[in-house]
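Survey of secondary and tertiary structure
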Amino acid sequence: MHPFWDLAIEPTLDAAEATEVLEIGAEAGKTTGRLLDRAQRTGGTVHSVDPAPQFDVARVALARGERFAFHRGRSLEVLADIGAVDAALIDGDHNWYTVHSELVALAESAAAAGEPLPLLFIHDVGWPYGRRDMYYDPASIPDEGRQDAARAGIMPGRSELGSPGINAGLWNATHEGGSRNGVRTAVEDFVAGYGVPCDVVIIEGLHGLAVVCSDERREAAPGLSGAIARLRSPELLTEWSARVERWRIDADIARRRAEAERDAAAARLQRLEGSLLDPPEPGRDQA
Ligand SMILES: C[S@@+](CC[C@H](N)C(=O)[O-])C[C@H]1O[C@@H](n2cnc3c(N)ncnc32)[C@H](O)[C@@H]1O
C-alpha cells in the first residue's frame, strides 16, 4: 500500500478532507507512519487494525497520543466498535469473504451514523490476489466463504498452484477466477450491490490499488472530483510507470546483491573446509 502514498493516497485523502481514517492491515507500520504524520497535520485520528502487528504498538501509542487508536484483532471482530470513518485503507486478509464483509461493515457503520460511504483505498486488486483468495488463517473464514486452498506457489497466467511460483508459504486458493474469489472480485461485487453509484479507479502495478468514491462522498467534499480525475490523468500514470520501473530495477539489484553475498559466503565456507582437510606439509613453519 505505501508505494501509492504520496502520488495517490495522501492527495485524495486531503481532497476528501478526511480526518477519521481507518487502516486495516498495518504490518510493519510503513503506511501507519504516513497516516500518523498526516493526522498530526489535520488533527485527526488513525484507527489501525491488525491481529499481528510487526512494530511496538505501545511505543507508537505513547509517542502519538490521541492521534493513534490501535485495535489488535481481525477486522471483522473490531470494525463495528470503531464506527463511521471518513476513509478506509484496506490491506489485511486478501480474500473475497474478508474484503467483501469489511466493505459491508464499513457501509453499515456509515449508514448508522447518517454519513456517506467512506472513501476507500483497497490494495491487492491486481495480480496475484485480484482474482485469487489468500488466507492468513483459513480456519478464521467460514467454510462457505472459503475457496479450496493450499500452501503452494502462484505463477502469472497459470490457474493451478505449483512450483516455481511466488508466495508458496501462504494459503492460496487452488484456482484463479470464478465467483467469490479474490480482492478485486470482492470490490466489484460490493459496488454492484451498493445502493449509491460509486466511481472506481484502478491503478495497476505493485499489486494494484482500487480507489472507490461514492457519489454521496464526492458531493460532501468540493475538491474530491478533481482529485479522482487526477488519478486517471496521463501525467499521474506516466509518473507512476516511472516509479514501478524504479521498483523493478531496485528489486533486481537487491536480488543480485543477495546472490553475490550468498556465493561469497559459500566460497568462504569452502575455503575453511579445505583448510581443515588439508594437512600442513612436514617441516612447513606453523603460524
Ligand atoms: C500486506 S500486510 C499490510 C501492509 C501495510 N498495509 C503496508 O502498507 O505496509 C497485511 C497485514 O494484514 C494483517 N491481517 C491479516 N488478516 C487480517 C485481518 N483479518 N484483519 C486485519 N489485519 C489482518 C497481517 O497481520 C499483516 O500485518
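By convention here, each chain's residues receive numbers from 1 onward along its written sequence. Residue-level local features of this predicted model are given only where pLDDT is at least 70; pairs of side-chain atoms are given and counted only at 80 or more, and the full residue set underlies all totals for whole chains, interfaces and linings. Side-chain metrics in this entry use all non-hydrogen atoms of the structure; hydrogen atoms and water are not considered.

**Section: the side chain of Glu102**
Heads up, the condition is: A run of H or I in DSSP counts as a helix once it spans at least four residues, and a run of E counts as a strand once it spans at least two, with each numbered from the N terminus. Whether two residues touch is decided by their heavy atoms; if any such pair falls within 4.5 Å, the residues are in contact.
Assignment of secondary structure puts Glu102 in helix H5 (residues 96-112). Contacts of Glu102, omitting those with residues within four sequence positions, involve Ile24, Ser75, Leu76, Leu79 and Ile90.

**Section: the packing of aromatic side chains**
Describing an aromatic ring pair means giving the distance of the ring centres and the angle of the ring planes. Rules: Here the aromatic set is Phe, Tyr and Trp, taking the six-membered ring for Trp, and pairing holds for ring centres within 6.5 Å; pairs whose planes are under 30 degrees apart are stacked, those over 60 apart are edge-to-face, and all others are tilted. To sort residues, take the accessible area from a 1.4 Å probe on protein chains only and compare it with the maximum for the residue type: under 20% means buried, over 50% means exposed, and anything in between is partly exposed.
Counted under the stated rule, the structure contains four aromatic pairs. Ring geometry for Phe68 against Phe70: centres 6.0 Å apart, planes inclined by 45°, an arrangement best described as tilted. Among the residues examined, Phe68 registers a relative accessible area of 8% and is labelled buried. Of the aromatic side chains, those joined through ring pairs into one cluster are Phe55, Phe68 and Phe70.

**What to know about the site of the ligand**
The line we're drawing: When we say a residue is near a molecule or strand, we mean one of its heavy atoms is within 4 Å of it. Whenever a nitrogen or oxygen atom comes within 3.5 Å of another N or O atom, the pair is scored as a polar contact, on the condition that within protein one atom can donate a hydrogen and the other can accept it, and that pairs from neighbouring residues in sequence are kept only if both atoms are in side chains. For the accessible areas, the method is Shrake-Rupley and the probe is 1.4 Å, while residue cover comes only from the protein chains on display. Residue polarity follows a fixed list, in which Ala, Val, Leu, Ile, Met, Phe, Trp, Tyr, Cys and Pro are nonpolar, Asp, Glu, Lys and Arg are charged, and the others, Gly among them, are polar.
Not every one of the 19 residues close to the ligand is listed here, only the nearest: Gly25, Thr31, Asp50, Ser75 and Asp91. In this structure, an oxygen atom belonging to the ligand sits 2.7 Å away from a side-chain N or O atom of Asp50. Ser75 places a main-chain nitrogen or oxygen 2.9 Å from a nitrogen atom of the ligand. For the ligand, whose accessible area on its own is 610 Å², the fraction buried by protein is 91%. Only helix H2 (30-42) and strand S2 (45-50) provide two or more residues apiece to the shell around the ligand. Its residues assigned to classes, the shell around the ligand comprises seven nonpolar, six polar and six charged.

**Considering a nonpolar patch on the surface**
For clarity, the cut-off: Nonpolar side chains (Val, Leu, Ile, Met, Phe, Trp, Tyr) within 5 Å and like charges within 9 Å form the patches, drawn only from residues with over 30% relative accessible area and no salt bridge. Each salt bridge in this description consists of a side-chain nitrogen of Lys or Arg and a carboxyl oxygen of Asp or Glu lying within 4 Å of one another.
Where nonpolar side chains cluster on the molecular surface, the patch consists of Leu269, Leu272, Leu276 and Leu277 and spans about 480 Å² of accessible area. Structurally, Leu272 is set in helix H9 (residues 234-277).

**Overview of the pattern of salt bridges**
Tallying each qualifying case throughout the model produces 20 salt bridges. Measuring nitrogen to oxygen at the nearest pair gives 2.9 Å for the salt bridge that ties Arg131 to Glu188. Placement of the pair is Arg131 in the loop between strand S5 (119-123) and strand S6 (134-135) and Glu188 in helix H6 (residues 183-193), with a sequence separation of 57 residues. The salt bridge partner of Glu245 is Arg248, with a shortest N-O separation of 2.9 Å.

**Some points on the domain arrangement of the protein**
For the record, the criterion: In this document the domain limits rely on a domain assignment from an automatic tool or a database. What counts as buried area is the accessible surface, traced by a 1.4 Å probe, that two parts surrender upon association, with contributions from both included.
Here the protein is partitioned into domain 1 (2-232) and domain 2 (233-276). Centre-to-centre, using C-alpha coordinates, domain 1 lies 29 Å away from domain 2. The partner domain 2 presents nine residues to the 13 residues of domain 1 that form the contact. Contact between domain 1 and domain 2 buries roughly 990 Å² in total, counting both sides, with carbon and sulfur atoms accounting for 70%. Its largest share of buried area at the contact with domain 2, domain 1 owes to Leu7, Leu206 and Arg232, together 47% of the area lost on that side. For the pair domain 1 and domain 2, the interface holds one salt bridge. Measuring nitrogen to oxygen at the nearest pair gives 2.8 Å for the salt bridge that ties Asp6 to Arg243. For the pair domain 1 and domain 2, the interface holds four residue pairs in polar contact (both at pLDDT 80 or more). Top element by residues in the side of domain 1 that touches domain 2 is helix H8 (residues 224-231). It accounts for three residues. Of the residues in the side of domain 1 that touches domain 2, the class split is seven nonpolar, two polar and four charged.

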